[in-house]
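Residue-level structural notes
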Amino acid sequence: MSRAPFQIVPALPGDARELARLEAACFAHPRSEAALLEELRQPERYLLVAAKREGALLGYAGLEHVLDEGYLTDVAVFPEHRRQGLARGLLRALAARGKETLGLSFLTLEVRPGNLAAVELYRAEGYQEVGRRKNFYSDPREDALLMTKYL
């Protein structure tokens, strides 16, 4: 049986620089290395990275949890590594961690309605639209779809 070309593991403080580079490649308002390092130190936050077996970081996803509620904070994959199952793998790993280890009842997230690839991925992974946040995003200004997956 062949091994996947990437592995999914918890993010470590040493990943903060590469996470900041990934955010700069994917988001209009990326967080700094220092902000990401601080996030990695917070017990209610959980970040997973997808990395090649040689160690190069390809993508990441983050989860914040309070009691039995989980909130997906970010899902990002370097553009040149998209459409290879990384985001799907990260989402599945966070859902498993949320259900089995953290005892979460559901995961929720916001996504731009115009990000059709992400919306379709979330739907395929069992997330359902449960609301809309008006003018949630800037650059460009856009509503957010609120999507939830019950665990």
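Only a predicted model underlies this, so the values are computations on that prediction, with no experimental measurement involved.

Topic: the overall build of the chain
- The helix and strand inventory of the chain stands at four helices and seven strands.
- In sequence order, the chain lays out its α and β elements as β-α-α-β-β-β-α-β-α-β-β.
- When the backbone C-alpha atoms are referred to their principal axes, the chain occupies close to 40 × 35 × 35 Å.
- Each of the 151 residues in the chain was classed as buried or not, and the buried ones make up 40%.
- Taken as a whole, the chain presents about 8400 Å² of accessible surface, with 50% of it coming from carbon and sulfur.
- Measuring between centres, the 21 positive side-chain charges of the chain sit 5 Å from its 21 negative side-chain charges.

Quick notes on the environment of R141
- Along the chain, R141 falls in the loop between β6 (128–137) and β7 (142–150).
- As a C-alpha pair, R141 and R112 span 29 residues in sequence and 9.8 Å in three-dimensional space.
- Among the polar contacts listed, one links the side chain of R141 to the backbone oxygen of N135, at a separation of 3.0 Å.
- Within polar-contact distance, the side chain of R141 engages the backbone oxygen of Y137 at 3.4 Å.

Focus: the sheet that holds strand β1 (residues 6–10)
- Taken in spatial order, the seven strands make up an open sheet running β1-β2-β3-β4-β5-β7-β6, and their pairing is mixed. Taken across any chain shown, the strands that pair with only one partner, and hence form the sheet edges, are β1 and β6. Neighbour-to-neighbour, the strand axes of this sheet turn through a mean angle of 25°, independent of strand direction.
- Sheet topology places strand β5 (residues 106–111) next to β7; six bridges connect them, and they run antiparallel.

Quick look at the nonpolar core
- L72, V111, Y122 and Y127 are the most contacted members of the largest nonpolar core, which has 26 residues in total.
- Secondary structure elements with two or more residues in this core: β2 (45–52), β3 (57–66), β4 (69–77), α3 (86–101), β5, α4 (116–124) and β7.
- When residues in this core are grouped by element, the largest group, six residues, is from α3.
- Residues within four places of Y122 in sequence aside, it is in contact with V75, L91, L109, V111, Y127 and M147.
- By size, the runner-up hydrophobic cluster in this structure holds 11 residues, among which are A11, A20, L57 and Y60.

Each value, and the rule that gives it
Residues numbered from 1 in each chain as written. Predicted model: local features only at pLDDT ≥ 70, side-chain atom pairs only at ≥ 80, totals over all residues. Heavy atoms only, no water. Helix = DSSP H or I, 4+ residues; strand = E, 2+ residues; numbered from the N terminus. Buried < 20%, exposed > 50% of the residue type's maximum accessible area, 1.4 Å probe, protein only. Areas by Shrake-Rupley, 256 points an atom, 1.4 Å probe, with all protein chains shown as cover. Lys, Arg positive; Asp, Glu negative; His and termini not counted. Charge placed at Lys NZ, Arg CZ, Asp CG, Glu CD. Polar contact = N/O pair within 3.5 Å; in protein donor to acceptor, adjacent residues only side chain to side chain. Pairing = 2+ DSSP bridges. Axes fitted to C-alpha atoms, helices over the stretch in contact; angles between N-to-C directions. Core = buried A, V, L, I, M, F, W, Y, C linked by side-chain atoms within 4.5 Å. Contact = heavy atoms within 4.5 Å.

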